[in-house]
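Given next are the chains, with one letter for each unit.
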Amino acid sequence: MSEEGFVIVITGIPGVGKTTVIDAAMEAAKRENMNVTLMNYGTVMFEIAKAEGLVENRDQMRRLPSHVQRRIQRLAARRISEDAKGHVVLVDTHMLIRTPEGFLPGIPAWVAEELKPNVLVLVEAEPEEIARRRKKDETRERDVQSIEEIQMHQEMCRSAAAACAALTGATIVVIPNHDGRAHEAAEQVFKLFRTLKES
Ligand code: ATP
Ligand code: MG
């Protein structure tokens, strides 16, 4: 593995099951004594915004003016990249954040420059599956989107990933997370850890 470390950015639209898949992949890594660090981009941004007194919960983040979100985004990228040196880091984040001003890129050029992602993972599911998961999950305050909007959001994320790959040279891996099959998605993420460790 290179001294720089490896950064795997794992994305997917809200409710697709990123955190579920990541938790299972991290469990597998732990069982194999694999040293992988997990960072949640939204949590790092939230900690910065909360310390500045801008928000009280993380679902208020995407409603902040886009210029404020961009400033915090940059600070978070720096904080994450400082921690990433020398090991495999998994960053739980979004390709595009749905804001009242339109889709905001999660990894614009200045974030890409700080993060230097090696792999971009897109976790995907059928729009109907995503809508159902959002409805069922009462722990979060997720936006309500029609099936068509969910589909478009997911397609836009593929385009954003391609743009980010063109900027960074990162590879793109699409991982389906269908109903009741989160363990298969987690297995694919885990295999990626192994491949990167061996490279
Ligand atoms: P956010 O971006 O908002 O943090 P997320 O992508 O991390 O969302 P999760 O919180 O992991 O999404 O999952 C959303 C809901 O979907 C949870 O209730 C979770 O249990 C459920 N879920 C995740 N994956 C699957 C799956 N493969 N089959 C069925 N339910 C799933
Ligand atoms: Mg999550």
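Structure: see above.
Note that this is a predicted model, so its numbers are computed, not measured.

## Remarks on the packing of helix H5 (residues 127-136) against helix H6 (residues 147-168)
Line of reasoning, step 1. Contact pair H5 / H6: the axes reach a minimum separation of 9 Å and the direction vectors enclose 110°. Judged on the interaxial angle alone, H6 and H5 are roughly perpendicular. Considering how the two elements wind past one another, H5 and H6 form a crossing that is right-handed. Between H5 and H6, the contacting residues are Pro 127, Glu 128, Ile 130, Ala 131 and Arg 134 on the first element and Ile 147, Ile 150, Gln 151 and Gln 154 on the second.
Line of reasoning, step 2. Broken down by class, the residue content of the contact of H5 with H6 amounts to 5 nonpolar, 2 polar and 2 charged.

## Things to note about the nonpolar core
Line of reasoning, step 1. Ile 8, Tyr 41 and Phe 193 are the most contacted members of the largest nonpolar core, which totals 63 residues.
Line of reasoning, step 2. Sorting elements by how many residues they give to this core places helix H7 (residues 182-198) first, with 7 residues.
Line of reasoning, step 3. Excluding anything up to four places from it in sequence, Ile 8 contacts Val 88, Val 89, Leu 90, Val 91, Val 119, Val 121, Leu 192, Phe 193 and Leu 196.

## Notes on the side chain of Arg 134
Line of reasoning, step 1. By the secondary structure assignment, Arg 134 is in helix H5.
Line of reasoning, step 2. For Arg 134, which is buried and forms no salt bridge, the nearest opposite charge comes from Asp 143, at a distance of 6.9 Å.
Line of reasoning, step 3. Arg 134 has contacts with Ile 13, Pro 14, Gly 15, Arg 142, Asp 143, Gln 145 and Ile 150, leaving out every residue within four places of it along the chain.

## A few points about the pairing of strand S1 (residues 6-11)
Line of reasoning, step 1. By the criterion of burial, S1 is predominantly enclosed, with 6 of the 6 residues buried.
Line of reasoning, step 2. Pairing between S1 and strand S3 (residues 88-92): 5 bridges, direction parallel. Bridge pairing in S3 links Ile 8 to Leu 90.
Line of reasoning, step 3. Here S1 runs beside strand S6 (residues 119-124); their pairing, made up of 4 bridges, is parallel.

## A look at the sheet that holds S3
Line of reasoning, step 1. On the basis of which strands lie adjacent, the open sheet formed by 5 strands has the order S2-S3-S1-S6-S7 and parallel pairing. Single-partner strands in this sheet number two, and they are strand S2 (36-40) and strand S7 (171-176). Each neighbouring strand pair of the sheet contributes to a mean axis angle of 20°, computed without reference to strand direction.
Line of reasoning, step 2. Pairing of S2 with S3, which is carried by 5 bridges, proceeds in the parallel orientation. Among the inter-strand pairings, Met 39 is bridged to a residue of S3, identified as Val 91.
Line of reasoning, step 3. Sheet contacts for H7: S1, S2, S3, S6 and S7; angle to S7, the most-contacted strand, approximately 155°.

The rules we used
Residues numbered from 1 in each chain as written. Chains lettered and ligands numbered in written order. Predicted model: local features only at pLDDT ≥ 70, side-chain atom pairs only at ≥ 80, totals over all residues. Heavy atoms only, no water. Axes fitted to C-alpha atoms, helices over the stretch in contact; angles between N-to-C directions. Helix = DSSP H or I, 4+ residues; strand = E, 2+ residues; numbered from the N terminus. Parallel < 35°, antiparallel > 145°, perpendicular 65-115°, else oblique. Left-handed = near helix turned anticlockwise from the far one by under 90°. Contact = heavy atoms within 4.5 Å. Nonpolar A, V, L, I, M, F, W, Y, C, P; charged D, E, K, R; others polar. Core = buried A, V, L, I, M, F, W, Y, C linked by side-chain atoms within 4.5 Å. Buried < 20%, exposed > 50% of the residue type's maximum accessible area, 1.4 Å probe, protein only. Lys, Arg positive; Asp, Glu negative; His and termini not counted. Salt bridge = Lys/Arg side-chain N within 4 Å of Asp/Glu carboxyl O. Pairing = 2+ DSSP bridges.

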